[in-house]
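# A closer look at the structure
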Amino acid sequence: MFKKILIANRGEIALRIIRTCKELGVKTVAVYSEADKHSLHVTFADEAVCIGPALSKDSYLKIPVIISAAQITGAEAIHPGYGFLAENANFSEICAESGIKFIGPSPEMINMMGNKANAKETMRRNGVPVIPGSDGVVTNVIDGKAIAHEIGFPVIIKASAGGGGKGMRIVQDESEFENAFQTASSEAVASFGNGEVYIEKYLENPRHIEFQIMGDQFGNVYHYGERDCSIQRRHQKLIEESPSPIMDAELRRKMGEAAVLGAKSVNYEGAGTIECLVDKYKNFYFMEMNTRIQVEHPVTEAVNQVDLIRQQILVAGGEKIETMPKDPIGHAIEFRINAEDPEKGFRPNPGKIESLHFPGGFGIRIDSHVYQSYVIPPHYDSLLAKLIVWGTDRKIAIKRARRAMEEFTVEGVKTTIPFHLEVLENEQFLSGNFDTSFLDNFLKEKNIN
Ligand code: MV4
């Protein structure tokens, strides 16, 4: 096993990784920007190296500086967390060239999955159900229109280098097609430097359900069940849960088998997520694969009693997956506590935390890097804490969530806590019968958007 790991990240995920390293007896190196001098990941790591000024591009994204920090401290591996360099093929490659184990996928895997049209084609060829649409990228409007007519309107045009909503256009009929095709493509050029797009049938109000998978060097791939991430605002997830309220044993077996098939067909190693859309008839379709640990991984950990970061590190060190998946136990829900003002369109609200109290007790987990008197820097995402509740069933988890959310105190900055308290009283949320349109409708009714 590795003796020392560098964590190329900040915030709650850096702390999350440090905690598992300590339990594994692995020494840790934190890296931090000048704005994060007083962050807890710096305090709790065995060593810490300042890698530059506040702006991400001058610190957490500076590949040569991070590689030097690993070399100077003698770290044998780098864990990238999520965001920043986690899905940067160049970084993965430079780690390999420098003799440092990147705890994440190979550059080839990142490139394949990062190209959404390719990833989808690969999955389709290997027998994973995909949304009807173009076979790979579409290079001109005429071909695009023909495909749209074949699959039937409405269709959606997506940027191949995209994901997370950018460069996406819904097209209701032929008259809108040409304009949508051009704008999606130019938006993709502007955002990703790559204008390639692909086309698929537009599914009305699907659920977003993703499967957690893990592969090792011996060709084993397992899945740890699903997460329902349908509650999003502008492609930012706010609440995630496992199991999905619509899941049954039969659908889990089918979707799980498809997820494992997809991952095995590309010889996937490490932690990954297969994102699917599920329609109201419970038809499911592969959409994208994420080649990283995700923010919402704790709900999977709660119902599987597995430390996913530990599995990730063991597998990267050449060991077999240690914790076998099983049927989920109980129900877990994660609430993202962001320093944002829900009354003002979730505008970021950085500043000093004047007063702080975390909830506790049975079935509660908090992953957070903040503390009382901490000053939230304005340069990064606004995630302050993740509240993960577990209960023997969904109803009990929800009651526990209300109790914990009421205990949760943050003064000095606006947070998403009041918003979560309202969702926890919403009938549709309580029924479990919601889809990706839930939050837009919820906010429209409240007249905030
Ligand atoms: C779709 C879709 C409906 N049909 N694709 C949004 C983010 C991007 N990764 C894919 N997205 C969608 N793709 C087809 N063919 C609806 C969405 C979508 C969505 C997906 C998951 C979670 C929230 C969403 C909100 C709006 C649209």
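Above: the structure in question.
It should be emphasised that the depicted structure is a prediction, and the values quoted were computed from it without experimental measurement.

What follows is about unusual backbone geometry. For the bond from F153 to P154, the omega torsion is -5 degrees, close enough to zero to count as cis. Checked against the element boundaries, P154 lands in the loop between α7 (141–151) and β6 (155–159). Here the amide bond leading from S242 into P243 is cis, since omega sits at -5 degrees, within 30 degrees of zero. Locating P243 in the fold gives a position in the loop between β11 (236–242) and α9 (249–265). Its identity as a non-glycine residue notwithstanding, F84 has a phi of 40 degrees, on the positive side. Mapped onto the fold, F84 is located in the loop between β4 (77–79) and α4 (89–97). With relative accessibility at 27%, the residue F84 sits in the partly exposed group.

Turning next to the packing of aromatic side chains. In total, this model carries 12 aromatic pairs according to the counting rule given. Ring centres of F346 and F419 lie 5.3 Å apart, and the angle between their planes is 85 degrees; this geometry places the pair in the edge-to-face category. Residue F346 is located in the loop between β15 (340–341) and β16 (347–348), and its partner F419 is located in helix α13 (residues 417–423); the two are separated by 73 residues in the primary sequence. An identical accessibility class is assigned to F346 and F419; each is buried. For the ring pair Y371 and Y374, a centre distance of 5.3 Å and an interplane angle of 65 degrees mean the geometry is edge-to-face.

A few words now on α7. Within α7, the full set of buried residues consists of V141, G144, I147 and A148. The buried residues of α7 all sit within an arc of 125 degrees when viewed along its axis, so they share a single face. α7 presents I142 and E150 as exposed residues on the side facing more than 90 degrees away from its buried surface. Here α7 starts with a cap whose side-chain oxygen sits 3.1 Å from the backbone nitrogen of I142, and that cap is N140. Among the residues trailing α7, G152 stands out with phi positive, at a value near 90 degrees.

Lining the immediate environment of the ligand, one finds 17 residues, of which K158, E200, K201, L203 and E288 sit closest. In the environment of the ligand, a nitrogen atom lies 2.9 Å from a nitrogen or oxygen atom belonging to the backbone of L203. Note that a nitrogen atom of the ligand is positioned 3.1 Å from one of the side-chain N or O atoms of E288. Here the ligand loses 89% of its free accessible area of 530 Å² to cover by the protein chains. Tallied by class, residues from the shell around the ligand come to 7 nonpolar, 6 polar and 4 charged. Two domains share the shell around the ligand, each providing at least three of its residues, namely domain 2 (132–201) and domain 3 (207–445).

With that settled, consider the packing of helix α5 (residues 107–114) against helix α6 (residues 116–125). Packed helices, taken two at a time, are described by the angle between their axes plus the distance between the axes. For the pair α5 and α6, interaxial distance at closest approach is 5 Å and the crossing angle is 95 degrees. Comparing their axes, α6 and α5 come out roughly perpendicular. In this structure, α5 contributes M112, M113 and G114 to the contact, and α6 contributes K116, N118, A119, T122 and M123. Broken down by class, the residue content of the contact of α5 with α6 amounts to 4 nonpolar, 3 polar and 1 charged.

Right, let's get into helix α11 (residues 308–316). Most of α11 sits out of view: 8 of its 9 residues are buried. Three or more residues of α11 are buried, namely L308, I309, Q311, Q312, I313, L314, V315 and A316. A distance of 3.1 Å separates the backbone nitrogen of I309 from a side-chain oxygen at the start of α11, and that oxygen is part of D307. Positive backbone phi, approximately 95 degrees, marks G318, located one or two places after α11.

This paragraph deals with the nonpolar core. Residues F335, I353, L384, L387, F408 and F429 are the most contacted members of the largest nonpolar core, which totals 37 residues. Of all the secondary-structure elements, those providing two or more residues to this core are β11, β14 (331–338), β19 (364–368), β21 (383–391), α12 (394–407), α13 and α15 (438–445). Looking at this core element by element, the count peaks at 5 residues for α12. In this structure, L387 is in contact with I333, E334, F335, P359, I364, R365, I366, A404, M405 and F408, ignoring residues within four places of it in sequence. Grouped together as the second largest cluster of nonpolar side chains are 29 residues, F2, I18, C21 and Y224 included.

Rules of the game
- Residues numbered from 1 in each chain as written.
- Predicted model: local features only at pLDDT ≥ 70, side-chain atom pairs only at ≥ 80, totals over all residues.
- Heavy atoms only, no water.
- Helix = DSSP H or I, 4+ residues; strand = E, 2+ residues; numbered from the N terminus.
- Buried < 20%, exposed > 50% of the residue type's maximum accessible area, 1.4 Å probe, protein only.
- Phe/Tyr/Trp six-rings, centres within 6.5 Å; stacked < 30°, edge-to-face > 60°.
- Arc of directions from axis to C-beta.
- Polar contact = N/O pair within 3.5 Å; in protein donor to acceptor, adjacent residues only side chain to side chain.
- Near = heavy atom within 4 Å.
- Areas by Shrake-Rupley, 256 points an atom, 1.4 Å probe, with all protein chains shown as cover.
- Nonpolar A, V, L, I, M, F, W, Y, C, P; charged D, E, K, R; others polar.
- Domains from an automatic or database assignment.
- Axes fitted to C-alpha atoms, helices over the stretch in contact; angles between N-to-C directions.
- Parallel < 35°, antiparallel > 145°, perpendicular 65-115°, else oblique.
- Contact = heavy atoms within 4.5 Å.
- Core = buried A, V, L, I, M, F, W, Y, C linked by side-chain atoms within 4.5 Å.

So far we have only geometry, and geometry alone does not tell us how the molecule works.
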